[in-house]
Amino acid sequence: MFIGIAAALVAGTMLGLYALPGKYTTDFEEENKWSLFFILTMFVVPLGATLTLMKGVGEVYSGIDSGILLTMIVSSFLWGVGVMMWGKAIDHIGLSLGFSLFIGTVILVGSILPLGIAISKGQPLPSTPALIAILSGIAIVLLGVLSNGKAGLAREADEAAIKKGEDTEEEGDAAAKPKSYALGITIAVVGGLLATGFNVAFTYGAGPLGDAVVANGNPGWMTAMAVMLPVFLSGGAVMTFYFLYQLSQKKAWGKFKTPAFGKNFVLIFVMAFFHYAASAMYAFAADKLGPNGPVVVYAIFNTTCLVVAVVSGILTGEWTKASPTARRWLYTGLFCMVAGVLTLAFGQTLDQAPETEPVADAVVAADAEGV
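Here is what the cut-offs are and how they apply
- Residues numbered from 1 in each chain as written.
- Predicted model: local features only at pLDDT ≥ 70, side-chain atom pairs only at ≥ 80, totals over all residues.
- Heavy atoms only, no water.
- Helix = DSSP H or I, 4+ residues; strand = E, 2+ residues; numbered from the N terminus.
- Contact = heavy atoms within 4.5 Å.
- Areas by Shrake-Rupley, 256 points an atom, 1.4 Å probe, with all protein chains shown as cover.
- 1 Å grid on protein atoms, 1.4 Å probe; cavity = no way out; pocket = protein on both sides within 12 Å on 5 of 7 lines; lining within 4 Å.
- Points joined across faces, edges and corners; volume = space filled by probe spheres on them.
- Nonpolar A, V, L, I, M, F, W, Y, C, P; charged D, E, K, R; others polar.
- Axes fitted to C-alpha atoms, helices over the stretch in contact; angles between N-to-C directions.
- Parallel < 35°, antiparallel > 145°, perpendicular 65-115°, else oblique.
- Left-handed = near helix turned anticlockwise from the far one by under 90°.
- Patch = residues over 30% accessible without salt bridge, like charges linked within 9 Å, V, L, I, M, F, W, Y side chains within 5 Å.
- Salt bridge = Lys/Arg side-chain N within 4 Å of Asp/Glu carboxyl O.
- Buried < 20%, exposed > 50% of the residue type's maximum accessible area, 1.4 Å probe, protein only.
- Phe/Tyr/Trp six-rings, centres within 6.5 Å; stacked < 30°, edge-to-face > 60°.

Participant: How would you sum up the overall build of the protein? Please name residues and give values.
Facilitator: A tally of regular secondary structure across the protein gives 13 helices and 0 strands. Listing every helix and strand of the protein by position from the N terminus yields α-α-α-α-α-α-α-α-α-α-α-α-α. In the protein, of all internal contacts separated by at least 6 residues, the share reaching a separation of at least 24 is 87%. Roughly 17200 Å² of accessible area belongs to the protein as shown, and the carbon and sulfur atoms make up 70% of that amount.

Laid out in C-alpha coordinates, this is it:
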(Lines give C-alpha, C1' and ligand atoms only; values in the text may rest on other atoms or scores of the structure.)
Protein backbone atom coordinates (compact mmCIF):
# COMPACT_ATOMS: atom_id res chain seq x y z
CA MET A 1 0.00 0.00 0.00
CA PHE A 2 2.59 2.55 1.12
CA ILE A 3 4.95 1.58 -1.72
CA GLY A 4 2.20 2.10 -4.31
CA ILE A 5 1.18 5.54 -3.01
CA ALA A 6 4.82 6.63 -2.65
CA ALA A 7 5.58 5.47 -6.20
CA ALA A 8 2.61 7.45 -7.53
CA LEU A 9 3.81 10.60 -5.75
CA VAL A 10 7.38 10.16 -7.03
CA ALA A 11 6.09 9.51 -10.57
CA GLY A 12 4.01 12.70 -10.52
CA THR A 13 6.96 14.70 -9.20
CA MET A 14 9.26 13.34 -11.90
CA LEU A 15 6.76 14.18 -14.64
CA GLY A 16 6.30 17.69 -13.23
CA LEU A 17 10.05 18.33 -13.40
CA TYR A 18 11.20 16.23 -16.37
CA ALA A 19 11.34 19.18 -18.80
CA LEU A 20 13.82 21.17 -16.68
CA PRO A 21 16.96 20.07 -18.62
CA GLY A 22 15.35 21.37 -21.79
CA LYS A 23 15.82 24.93 -20.58
CA TYR A 24 19.58 24.54 -21.02
CA THR A 25 19.61 23.48 -24.69
CA THR A 26 21.13 25.97 -27.14
CA ASP A 27 20.81 26.66 -30.88
CA PHE A 28 17.64 24.54 -31.09
CA GLU A 29 14.15 25.68 -32.07
CA GLU A 30 11.28 24.26 -30.01
CA GLU A 31 10.51 21.85 -32.85
CA ASN A 32 14.07 20.47 -32.75
CA LYS A 33 14.03 19.97 -29.01
CA TRP A 34 10.62 18.33 -28.79
CA SER A 35 10.93 16.16 -31.90
CA LEU A 36 14.20 14.69 -30.60
CA PHE A 37 12.65 14.28 -27.16
CA PHE A 38 9.63 12.36 -28.47
CA ILE A 39 11.78 10.08 -30.63
CA LEU A 40 13.88 9.19 -27.58
CA THR A 41 11.09 8.87 -25.02
CA MET A 42 8.56 7.09 -27.24
CA PHE A 43 10.85 4.74 -29.15
CA VAL A 44 14.51 4.53 -28.10
CA VAL A 45 14.19 4.41 -24.30
CA PRO A 46 11.18 2.04 -24.02
CA LEU A 47 12.47 -0.33 -26.72
CA GLY A 48 15.93 -0.38 -25.18
CA ALA A 49 14.65 -0.95 -21.64
CA THR A 50 12.15 -3.64 -22.65
CA LEU A 51 14.43 -5.62 -24.95
CA THR A 52 17.33 -5.45 -22.48
CA LEU A 53 15.51 -6.34 -19.27
CA MET A 54 12.52 -8.49 -20.22
CA LYS A 55 12.68 -12.18 -21.14
CA GLY A 56 10.53 -13.56 -23.97
CA VAL A 57 9.29 -10.22 -25.30
CA GLY A 58 7.81 -11.81 -28.43
CA GLU A 59 5.98 -14.47 -26.44
CA VAL A 60 4.60 -11.90 -24.00
CA TYR A 61 2.77 -10.00 -26.76
CA SER A 62 1.89 -12.92 -29.03
CA GLY A 63 0.20 -14.70 -26.16
CA ILE A 64 -2.45 -12.09 -25.37
CA ASP A 65 -5.79 -11.63 -27.10
CA SER A 66 -5.51 -9.52 -30.26
CA GLY A 67 -8.63 -7.57 -29.26
CA ILE A 68 -6.98 -6.42 -26.04
CA LEU A 69 -3.81 -5.41 -27.88
CA LEU A 70 -5.85 -3.52 -30.49
CA THR A 71 -7.76 -1.69 -27.73
CA MET A 72 -4.45 -0.68 -26.16
CA ILE A 73 -3.05 0.55 -29.47
CA VAL A 74 -6.13 2.61 -30.38
CA SER A 75 -6.48 4.16 -26.92
CA SER A 76 -2.74 4.95 -26.87
CA PHE A 77 -3.03 6.58 -30.29
CA LEU A 78 -5.79 8.80 -28.88
CA TRP A 79 -3.57 9.60 -25.88
CA GLY A 80 -0.88 10.81 -28.30
CA VAL A 81 -3.39 13.07 -30.05
CA GLY A 82 -4.54 14.42 -26.69
CA VAL A 83 -0.99 15.29 -25.62
CA MET A 84 -0.40 17.17 -28.86
CA MET A 85 -3.69 19.08 -28.39
CA TRP A 86 -2.56 20.06 -24.90
CA GLY A 87 0.45 21.85 -26.37
CA LYS A 88 -1.83 23.70 -28.78
CA ALA A 89 -4.17 24.72 -25.94
CA ILE A 90 -1.26 26.21 -24.00
CA ASP A 91 -0.41 28.32 -27.07
CA HIS A 92 -3.94 29.78 -26.91
CA ILE A 93 -4.62 30.23 -23.20
CA GLY A 94 -1.29 29.95 -21.42
CA LEU A 95 0.30 27.39 -19.14
CA SER A 96 -1.71 27.93 -15.94
CA LEU A 97 -5.16 27.67 -17.48
CA GLY A 98 -4.16 25.11 -20.11
CA PHE A 99 -2.53 22.86 -17.50
CA SER A 100 -5.49 23.13 -15.09
CA LEU A 101 -8.19 22.40 -17.67
CA PHE A 102 -6.28 19.56 -19.31
CA ILE A 103 -5.22 17.81 -16.10
CA GLY A 104 -8.65 18.43 -14.54
CA THR A 105 -10.36 16.67 -17.44
CA VAL A 106 -7.81 13.85 -17.31
CA ILE A 107 -8.35 13.31 -13.57
CA LEU A 108 -12.15 13.39 -13.82
CA VAL A 109 -12.53 11.02 -16.76
CA GLY A 110 -9.44 8.92 -16.13
CA SER A 111 -10.34 8.23 -12.50
CA ILE A 112 -13.99 7.35 -13.15
CA LEU A 113 -13.47 5.40 -16.38
CA PRO A 114 -11.97 2.27 -14.72
CA LEU A 115 -15.08 2.05 -12.51
CA GLY A 116 -17.25 2.00 -15.65
CA ILE A 117 -15.01 -0.64 -17.22
CA ALA A 118 -15.30 -2.75 -14.05
CA ILE A 119 -19.11 -2.51 -14.24
CA SER A 120 -19.11 -3.50 -17.94
CA LYS A 121 -16.96 -6.55 -17.16
CA GLY A 122 -19.09 -7.58 -14.19
CA GLN A 123 -16.22 -7.02 -11.76
CA PRO A 124 -16.96 -6.02 -8.16
CA LEU A 125 -16.88 -2.32 -7.35
CA PRO A 126 -15.20 -0.97 -4.22
CA SER A 127 -17.24 -1.18 -1.04
CA THR A 128 -19.68 1.67 -0.40
CA PRO A 129 -17.41 3.49 2.12
CA ALA A 130 -14.41 3.15 -0.21
CA LEU A 131 -16.42 4.31 -3.23
CA ILE A 132 -17.71 7.35 -1.33
CA ALA A 133 -14.16 8.23 -0.24
CA ILE A 134 -12.75 7.81 -3.76
CA LEU A 135 -15.48 9.91 -5.40
CA SER A 136 -15.18 12.55 -2.65
CA GLY A 137 -11.43 12.70 -3.22
CA ILE A 138 -11.94 13.18 -6.96
CA ALA A 139 -14.44 16.00 -6.27
CA ILE A 140 -12.01 17.74 -3.89
CA VAL A 141 -9.18 17.43 -6.41
CA LEU A 142 -11.39 18.97 -9.09
CA LEU A 143 -12.21 21.90 -6.80
CA GLY A 144 -8.49 22.43 -6.48
CA VAL A 145 -7.96 22.26 -10.23
CA LEU A 146 -10.78 24.74 -10.85
CA SER A 147 -9.32 27.05 -8.20
CA ASN A 148 -5.95 26.88 -9.92
CA GLY A 149 -7.63 27.69 -13.22
CA LYS A 150 -9.21 30.73 -11.57
CA ALA A 151 -5.79 31.69 -10.18
CA GLY A 152 -4.32 31.45 -13.68
CA LEU A 153 -7.02 33.69 -15.15
CA ALA A 154 -6.60 36.22 -12.34
CA ARG A 155 -2.85 36.25 -12.79
CA GLU A 156 -3.17 36.78 -16.54
CA ALA A 157 -5.57 39.68 -15.90
CA ASP A 158 -3.10 41.22 -13.43
CA GLU A 159 -0.24 40.94 -15.92
CA ALA A 160 -2.41 42.38 -18.71
CA ALA A 161 -3.26 45.37 -16.52
CA ILE A 162 0.41 45.96 -15.77
CA LYS A 163 1.30 45.67 -19.44
CA LYS A 164 -1.49 48.07 -20.37
CA GLY A 165 0.03 50.65 -18.07
CA GLU A 166 3.41 50.23 -19.75
CA ASP A 167 2.29 49.79 -23.32
CA THR A 168 -0.92 51.10 -24.92
CA GLU A 169 -1.02 49.12 -28.14
CA GLU A 170 -3.52 46.41 -27.08
CA GLU A 171 -6.87 47.01 -28.73
CA GLY A 172 -6.39 44.60 -31.66
CA ASP A 173 -5.26 41.80 -29.35
CA ALA A 174 -8.13 42.41 -26.96
CA ALA A 175 -10.65 41.99 -29.75
CA ALA A 176 -9.20 38.65 -30.75
CA LYS A 177 -8.81 37.28 -27.23
CA PRO A 178 -12.36 35.94 -26.59
CA LYS A 179 -12.22 33.73 -29.70
CA SER A 180 -8.73 32.53 -28.84
CA TYR A 181 -9.70 31.67 -25.28
CA ALA A 182 -12.88 29.83 -26.31
CA LEU A 183 -10.92 27.79 -28.85
CA GLY A 184 -8.10 27.13 -26.39
CA ILE A 185 -10.47 25.94 -23.67
CA THR A 186 -12.20 23.61 -26.13
CA ILE A 187 -8.87 22.18 -27.30
CA ALA A 188 -7.72 21.64 -23.69
CA VAL A 189 -10.89 19.82 -22.66
CA VAL A 190 -11.04 17.63 -25.79
CA GLY A 191 -7.32 16.91 -25.45
CA GLY A 192 -7.85 15.88 -21.82
CA LEU A 193 -10.66 13.52 -22.85
CA LEU A 194 -8.47 11.87 -25.49
CA ALA A 195 -5.48 11.65 -23.14
CA THR A 196 -7.44 9.33 -20.82
CA GLY A 197 -6.65 6.68 -23.44
CA PHE A 198 -3.47 6.11 -21.42
CA ASN A 199 -5.51 4.88 -18.45
CA VAL A 200 -7.79 2.78 -20.69
CA ALA A 201 -4.74 1.04 -22.18
CA PHE A 202 -3.35 0.25 -18.74
CA THR A 203 -6.71 -0.91 -17.37
CA TYR A 204 -7.28 -3.34 -20.25
CA GLY A 205 -3.71 -4.52 -20.70
CA ALA A 206 -2.22 -4.87 -17.22
CA GLY A 207 -3.98 -8.14 -16.31
CA PRO A 208 -3.26 -10.26 -19.39
CA LEU A 209 0.19 -8.78 -19.92
CA GLY A 210 1.02 -9.31 -16.26
CA ASP A 211 0.18 -13.00 -16.57
CA ALA A 212 2.28 -13.31 -19.75
CA VAL A 213 5.21 -11.45 -18.18
CA VAL A 214 5.35 -13.81 -15.18
CA ALA A 215 4.73 -16.89 -17.34
CA ASN A 216 7.87 -16.04 -19.34
CA GLY A 217 10.08 -15.95 -16.26
CA ASN A 218 10.00 -12.24 -15.44
CA PRO A 219 9.29 -10.63 -12.06
CA GLY A 220 5.80 -9.18 -11.69
CA TRP A 221 6.97 -5.57 -11.59
CA MET A 222 7.93 -5.81 -15.28
CA THR A 223 4.23 -5.71 -16.11
CA ALA A 224 4.66 -1.93 -16.13
CA MET A 225 7.25 -2.17 -18.90
CA ALA A 226 5.09 -4.56 -20.92
CA VAL A 227 2.14 -2.15 -20.77
CA MET A 228 4.23 0.92 -21.55
CA LEU A 229 5.78 -0.41 -24.78
CA PRO A 230 2.63 -0.51 -26.98
CA VAL A 231 1.33 2.66 -25.31
CA PHE A 232 4.46 4.66 -26.14
CA LEU A 233 4.98 3.21 -29.61
CA SER A 234 1.38 4.01 -30.59
CA GLY A 235 1.37 7.48 -29.06
CA GLY A 236 4.79 8.15 -30.56
CA ALA A 237 3.50 7.49 -34.06
CA VAL A 238 1.16 10.50 -33.75
CA MET A 239 3.90 12.76 -32.46
CA THR A 240 6.38 11.66 -35.14
CA PHE A 241 4.07 12.67 -38.01
CA TYR A 242 3.23 15.96 -36.27
CA PHE A 243 6.84 17.01 -35.76
CA LEU A 244 7.94 15.90 -39.23
CA TYR A 245 5.33 18.34 -40.52
CA GLN A 246 6.37 21.10 -38.07
CA LEU A 247 10.09 20.78 -38.84
CA SER A 248 9.38 21.03 -42.57
CA GLN A 249 6.89 23.90 -42.23
CA LYS A 250 9.26 26.00 -40.13
CA LYS A 251 12.39 24.94 -42.06
CA ALA A 252 14.06 23.89 -38.81
CA TRP A 253 15.90 20.78 -40.02
CA GLY A 254 19.14 22.72 -40.39
CA LYS A 255 19.13 23.60 -36.68
CA PHE A 256 20.22 20.03 -35.88
CA LYS A 257 23.61 20.90 -37.44
CA THR A 258 25.03 22.80 -34.47
CA PRO A 259 28.20 22.40 -32.38
CA ALA A 260 25.90 22.19 -29.35
CA PHE A 261 24.16 19.04 -30.64
CA GLY A 262 26.09 16.69 -28.33
CA LYS A 263 25.23 18.69 -25.21
CA ASN A 264 21.63 19.10 -26.34
CA PHE A 265 21.31 15.38 -27.02
CA VAL A 266 22.49 14.49 -23.49
CA LEU A 267 20.08 16.98 -21.89
CA ILE A 268 17.15 15.76 -23.99
CA PHE A 269 18.04 12.12 -23.32
CA VAL A 270 17.85 12.87 -19.57
CA MET A 271 14.41 14.38 -20.18
CA ALA A 272 13.33 11.29 -22.13
CA PHE A 273 14.64 8.86 -19.53
CA PHE A 274 12.84 10.53 -16.63
CA HIS A 275 9.65 10.97 -18.66
CA TYR A 276 9.57 7.24 -19.42
CA ALA A 277 10.58 6.33 -15.86
CA ALA A 278 7.76 8.49 -14.47
CA SER A 279 5.19 6.74 -16.66
CA ALA A 280 6.59 3.29 -15.87
CA MET A 281 6.51 4.09 -12.16
CA TYR A 282 2.89 5.19 -12.55
CA ALA A 283 2.04 1.75 -13.95
CA PHE A 284 4.06 0.07 -11.20
CA ALA A 285 2.15 2.05 -8.54
CA ALA A 286 -1.23 1.09 -10.02
CA ASP A 287 -0.18 -2.56 -10.00
CA LYS A 288 0.90 -2.36 -6.35
CA LEU A 289 -2.39 -0.84 -5.21
CA GLY A 290 -4.51 -3.72 -6.46
CA PRO A 291 -7.98 -3.63 -8.10
CA ASN A 292 -8.63 0.05 -7.34
CA GLY A 293 -5.11 1.09 -8.31
CA PRO A 294 -5.91 2.79 -11.64
CA VAL A 295 -8.59 4.94 -9.96
CA VAL A 296 -6.43 6.17 -7.11
CA VAL A 297 -3.04 6.33 -8.82
CA TYR A 298 -4.34 8.23 -11.85
CA ALA A 299 -5.62 11.04 -9.62
CA ILE A 300 -2.53 11.07 -7.38
CA PHE A 301 -0.17 11.01 -10.38
CA ASN A 302 -1.81 13.87 -12.27
CA THR A 303 -2.51 15.97 -9.18
CA THR A 304 1.07 15.68 -7.96
CA CYS A 305 2.28 16.65 -11.42
CA LEU A 306 0.06 19.75 -11.33
CA VAL A 307 1.15 20.70 -7.78
CA VAL A 308 4.81 20.38 -8.76
CA ALA A 309 4.26 22.51 -11.85
CA VAL A 310 2.51 25.23 -9.82
CA VAL A 311 5.11 25.21 -7.04
CA SER A 312 7.88 25.36 -9.66
CA GLY A 313 6.17 28.41 -11.12
CA ILE A 314 6.15 30.09 -7.71
CA LEU A 315 9.83 29.34 -7.10
CA THR A 316 10.85 30.64 -10.53
CA GLY A 317 8.99 33.95 -10.10
CA GLU A 318 5.95 33.37 -12.33
CA TRP A 319 3.65 34.82 -9.69
CA THR A 320 5.63 37.92 -8.69
CA LYS A 321 3.26 40.21 -10.62
CA ALA A 322 0.09 38.46 -9.44
CA SER A 323 -2.34 40.15 -7.05
CA PRO A 324 -3.11 38.82 -3.55
CA THR A 325 -6.47 37.58 -4.91
CA ALA A 326 -4.77 35.48 -7.58
CA ARG A 327 -2.38 34.02 -5.01
CA ARG A 328 -5.27 33.16 -2.66
CA TRP A 329 -6.95 31.19 -5.46
CA LEU A 330 -3.64 29.46 -6.08
CA TYR A 331 -3.07 28.47 -2.43
CA THR A 332 -6.70 27.34 -2.12
CA GLY A 333 -6.21 25.10 -5.14
CA LEU A 334 -3.04 23.58 -3.71
CA PHE A 335 -4.76 22.90 -0.38
CA CYS A 336 -7.74 21.22 -2.09
CA MET A 337 -5.53 19.04 -4.25
CA VAL A 338 -3.47 17.83 -1.29
CA ALA A 339 -6.67 17.14 0.68
CA GLY A 340 -8.12 15.30 -2.30
CA VAL A 341 -5.02 13.11 -2.66
CA LEU A 342 -5.18 12.18 1.03
CA THR A 343 -8.89 11.33 0.70
CA LEU A 344 -8.20 9.12 -2.32
CA ALA A 345 -5.42 7.34 -0.48
CA PHE A 346 -7.70 6.79 2.51
CA GLY A 347 -10.42 5.37 0.24
CA GLN A 348 -7.91 2.85 -1.10
CA THR A 349 -7.08 1.60 2.41
CA LEU A 350 -10.74 0.82 3.19
CA ASP A 351 -10.80 -2.18 0.82
CA GLN A 352 -7.21 -3.30 1.38
CA ALA A 353 -6.87 -6.01 4.00
CA PRO A 354 -3.42 -6.11 5.68
CA GLU A 355 -2.57 -9.52 4.25
CA THR A 356 -3.64 -8.79 0.65
CA GLU A 357 -0.33 -7.44 -0.65
CA PRO A 358 1.94 -10.11 0.91
CA VAL A 359 -0.29 -12.88 -0.46
CA ALA A 360 -0.26 -11.34 -3.97
CA ASP A 361 3.52 -10.90 -3.82
CA ALA A 362 3.95 -14.51 -2.72
CA VAL A 363 1.94 -15.78 -5.69
CA VAL A 364 4.03 -13.73 -8.12
CA ALA A 365 7.26 -14.92 -6.47
CA ALA A 366 6.19 -18.56 -6.66
CA ASP A 367 5.29 -18.34 -10.35
CA ALA A 368 8.33 -16.37 -11.50
CA GLU A 369 11.54 -18.23 -12.36
CA GLY A 370 14.63 -17.24 -10.39
CA VAL A 371 12.70 -15.29 -7.74
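Participant: Report on the layout of surface pockets, specifying residues and quantitative values.
Facilitator: Space inside the largest pocket adds up to approximately 1600 Å³. In this structure, the largest pocket is lined by 46 residues; those nearest its centre are Tyr 18, Ala 19, Trp 34, Trp 86 and Ile 90. Within the residue set of the lining of the largest pocket, elements represented by two or more residues are helix H1 (2–17), helix H2 (30–53), helix H4 (66–93), helix H5 (95–120), helix H9 (223–249), helix H10 (261–288) and helix H11 (293–315). No other element matches the 8 residues that H4 contributes to the lining of the largest pocket. Here the lining of the largest pocket is composed, by residue class, of 28 nonpolar, 10 polar and 8 charged.

Participant: Tell me about the packing of helix H8 (residues 197–215) against H9, and name the residues and values.
Facilitator: Running from amino to carboxyl end, H8 crosses H9 at an angle of 130°, the nearest separation of the two axes being 8 Å. Considered as vectors, H8 and H9 are oriented oblique to each other. Here H8 and H9 pass one another in a crossing that is right-handed. Only Thr 223, Ala 226, Val 227, Met 228, Val 231 and Phe 232 of H9 make contact with H8, whose side of the interface consists of Phe 198, Ala 201, Phe 202, Gly 205, Ala 206, Leu 209, Gly 210 and Val 213. Residue composition of the contact of H8 with H9, grouped by class: 11 nonpolar, 3 polar and no charged.

Participant: Describe a nonpolar patch on the surface, and please don't skip the residues or the numbers.
Facilitator: A contiguous nonpolar surface patch, about 570 Å² in accessible area, is contributed by Phe 261, Phe 265, Val 266, Phe 269, Val 270, Phe 273 and Phe 274. Assessed through its relative accessible area of 42%, Phe 273 is described here as partly exposed.

Participant: If you had to explain the packing of aromatic side chains to someone new, which residues and values would you point to?
Facilitator: Two aromatic rings, taken as a pair, are described by how far apart their centres are and by the angle between their planes. The final tally for this structure, using the stated rule, is 15 aromatic pairs. Aromatic side chains Tyr 242 and Phe 243 sit 5.2 Å apart centroid to centroid with 85° between the ring planes, which places their arrangement in the edge-to-face category. For Phe 243, a relative accessible area of 9% corresponds to the buried category.

Participant: So what's going on with the environment of Ala 252? Residues and values would help.
Facilitator: Structurally, Ala 252 is set in the loop between H9 and H10. Along the chain, Ala 252 and Phe 28 lie 224 residues apart, while their C-alpha atoms are 8.5 Å from each other. If sequence neighbours within four positions are ignored, Ala 252 has contacts with Glu 29, Asn 32 and Leu 247.

Participant: Tell me about the pattern of salt bridges, and name the residues and values.
Facilitator: Scanning the entire structure with this criterion turns up 3 salt bridges. The salt bridge partner of Glu 30 is Lys 33, with a shortest N-O separation of 3.6 Å. With Glu 30 and Lys 33 both in helix H2 and 3 residues apart, this pair spans about one turn of that helix. When its relative accessible area of 46% is taken as the criterion, Glu 30 is described as partly exposed. With its nearest N and O atoms 2.8 Å apart, the salt bridge here joins Lys 250 to Glu 31. Taken together, the residues span a long stretch of sequence, with Lys 250 in the loop between H9 and H10 and Glu 31 in helix H2 at a distance of 219 residues.

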